[in-house]
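# Results of the structural survey
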Amino acid sequence: MDGESLRETILPQVEALMKKASRIMLEAGDIAGSVDAKTGRQNFVTDYDKRVQDELQQGLKQILPEALFLGEESNSGTDISKGTAWIVDPIDGTTNFIKGLNMSAISVALAEDGSPKLGAVYNPYADEFFCAVKGQGAYMNHKAIHVSDNPLEHGVVSIGTAPYYPELVDRSFEMARHYFDRCIDIRRCGSAALDLCSVAIGRCELYVEMRVYPWDYAAGALIVEEAGGLVTDAEGGKIQYLHYTSCKAGNPIAMRESERE
Ligand code: LIP
């Protein structure tokens, strides 16, 4: 599908669907009573994650009936390497949602042959809708956004702690200290999608996390790239969207500085 059709036809429908589904988050009642543990340390899912995903899956099926569906809470094994596929995290920042920290987002990407062509991240608490179509720029609430041009010493670095993977904790905190010594301060927001959007809009200069899944970062990574930023794995290698990976994203200056170390 061409960029103009994605921007003019598909994206408005996706925005409306995401905002409608976000009402489930905003109107959530007894969240703590709906929590189930998933595999891995401190990995949780709520009935609300599942309800949001169900509403998104039904709506996206109507928008593009032929597209495959890869979702965090079901269909998480869908092979998206060929054809058109939705990549969805219904509530990115589930622990924040459970704790009432108001720092969670719905993340939806549309990929073709495993490469994102449309990305949308909606934070309903701030009413901030971030989006991008490949080759057509990045926007927040329909205003163009761009990464900052600050070097790390004048920047904020957002760190993901990969809390579900005990084997990555030491590396994550080594990385946090490494960047803490080289920037104004670090942040840990708890949502990879919102971390990436913070880079895209210039609120943060760099984001690094040792393990995220495609539903966490596919939309946010495209938004960063369309906002003039760069996205790689933590070692500076080419980012891919077919299975979990480490992720590093930032403005070009901060990314160059991060590669020199
Ligand atoms: C979360 C990410 C976060 C990461 C967590 C988890 P979830 O997504 O957004 O950055 O540190 O391990 O992957 O599970 O809340 O959708």
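Residues numbered from 1 in each chain as written. Predicted model: local features only at pLDDT ≥ 70, side-chain atom pairs only at ≥ 80, totals over all residues. Heavy atoms only, no water.

What follows concerns the overall build of the protein chain. Within the protein chain, the regular secondary structure consists of seven helices and 14 strands. Scaling as 2.2 N^0.38, a compact globule of 261 residues should have a C-alpha radius of gyration of about 18 Å, and the protein chain matches this with 17 Å. The dimensions of the protein chain, computed from C-alpha atoms along their principal axes, are 50 × 45 × 30 Å. Put simply, the protein chain has 261 residues, and 55% of those count as buried. Across the protein chain, contacts joining residues at least 24 apart in sequence account for 62% of those joining residues at least 6 apart. Counting every atom, the protein chain has about 11100 Å² of accessible surface; 49% of that belongs to carbon and sulfur. (Helix = DSSP H or I, 4+ residues; strand = E, 2+ residues; numbered from the N terminus. Rg over C-alpha atoms; globule rule 2.2 N^0.38 Å. Buried < 20%, exposed > 50% of the residue type's maximum accessible area, 1.4 Å probe, protein only. Contact = heavy atoms within 4.5 Å. Areas by Shrake-Rupley, 256 points an atom, 1.4 Å probe, with all protein chains shown as cover.)

Quick look at the site of the ligand now. By nearness alone, 15 residues border the ligand, and D92, Y164, R188, A192 and E209 come closest of all. A distance of 3.4 Å is found between an oxygen atom of the ligand and a backbone nitrogen or oxygen belonging to I91. Taking R188, its side chain carries an N or O atom lying 2.6 Å from an oxygen atom of the ligand. Within the complex, 97% of the 380 Å² of free accessible area of the ligand lies under protein. When grouped by side-chain class, the residues that make up the shell around the ligand number five nonpolar, four polar and six charged. A domain split of the shell around the ligand shows at least three residues from each of domain 1 (3-144) and domain 2 (152-260). (Near = heavy atom within 4 Å. Polar contact = N/O pair within 3.5 Å; in protein donor to acceptor, adjacent residues only side chain to side chain. Nonpolar A, V, L, I, M, F, W, Y, C, P; charged D, E, K, R; others polar. Domains from an automatic or database assignment.)

By convention, interface size is frequently given as the accessible area that disappears when the constituent parts associate. Looking at the assigned domains, one finds that the protein chain contains domain 1 (3-144) and domain 2 (152-260). Here the C-alpha centroids of domain 1 and domain 2 sit 19 Å apart. The interface is formed by 41 residues belonging to domain 1 together with 25 residues belonging to domain 2. For the pair domain 1 and domain 2, the summed buried area comes to about 2500 Å², and 68% of that belongs to carbon and sulfur atoms. The tally of links between domain 1 and domain 2 comes to one salt bridge. For E128, the salt bridge identified is with R203, shortest N-O distance 2.8 Å. Applying the counting rule to domain 1 against domain 2 returns eight residue pairs in polar contact (both at pLDDT 80 or more). Counting residues per element, the ones that place at least two in the side of domain 1 that touches domain 2 are β3 (68-71), β4 (84-92), β5 (105-112), β6 (115-123), β7 (128-133) and β8 (138-140). (Buried area = accessible area lost by both parts, 1.4 Å probe. Salt bridge = Lys/Arg side-chain N within 4 Å of Asp/Glu carboxyl O.)

Sheet strands pair by backbone hydrogen bonding; their relative direction is either parallel or antiparallel. With mixed pairing, the five strands of this open sheet are ordered in space as β11-β10-β12-β14-β13. Looking at strand neighbours, the two that pair on one side only are β11 (185-187) and β13 (230-232), the edges of this open sheet. Ignoring strand direction, the axes of neighbouring strands in this sheet form an average angle of 15 degrees. Relative to strand β14 (residues 245-250), β13 runs antiparallel, the two being bridged by three bridges. When the sheet's bridge partners are listed, L230 is paired in β14 with G250. Sitting on the sheet, helix α5 (residues 192-200) touches β10 (156-159), β12 (206-212) and β14, and the angle it makes with β12 is about 155 degrees. (Pairing = 2+ DSSP bridges. Axes fitted to C-alpha atoms, helices over the stretch in contact; angles between N-to-C directions.)

On to the environment of H178, then. Residue placement: H178 occurs in helix α4 (residues 169-180). C-alpha separation for the pair H178 and S258, spaced 80 residues apart in sequence, amounts to 10.0 Å.

Pairing within the open sheet is mixed, and its seven strands lie in the order β3-β4-β5-β6-β7-β8-β9. One side of each edge strand has no neighbouring strand; the edge strands of this open sheet are β3 and β9 (143-145). Sheet twist, expressed as the mean angle between neighbouring strand axes with direction ignored, is 20 degrees. Pairing of β7 with β8 involves three bridges; the strand directions are antiparallel. For A132, the partnering residue across the bridge sits in β8 and is A138. This element, helix α1 (residues 3-26), spans β4, β5, β6 and β7 of the sheet and lies at about 35 degrees to β6.

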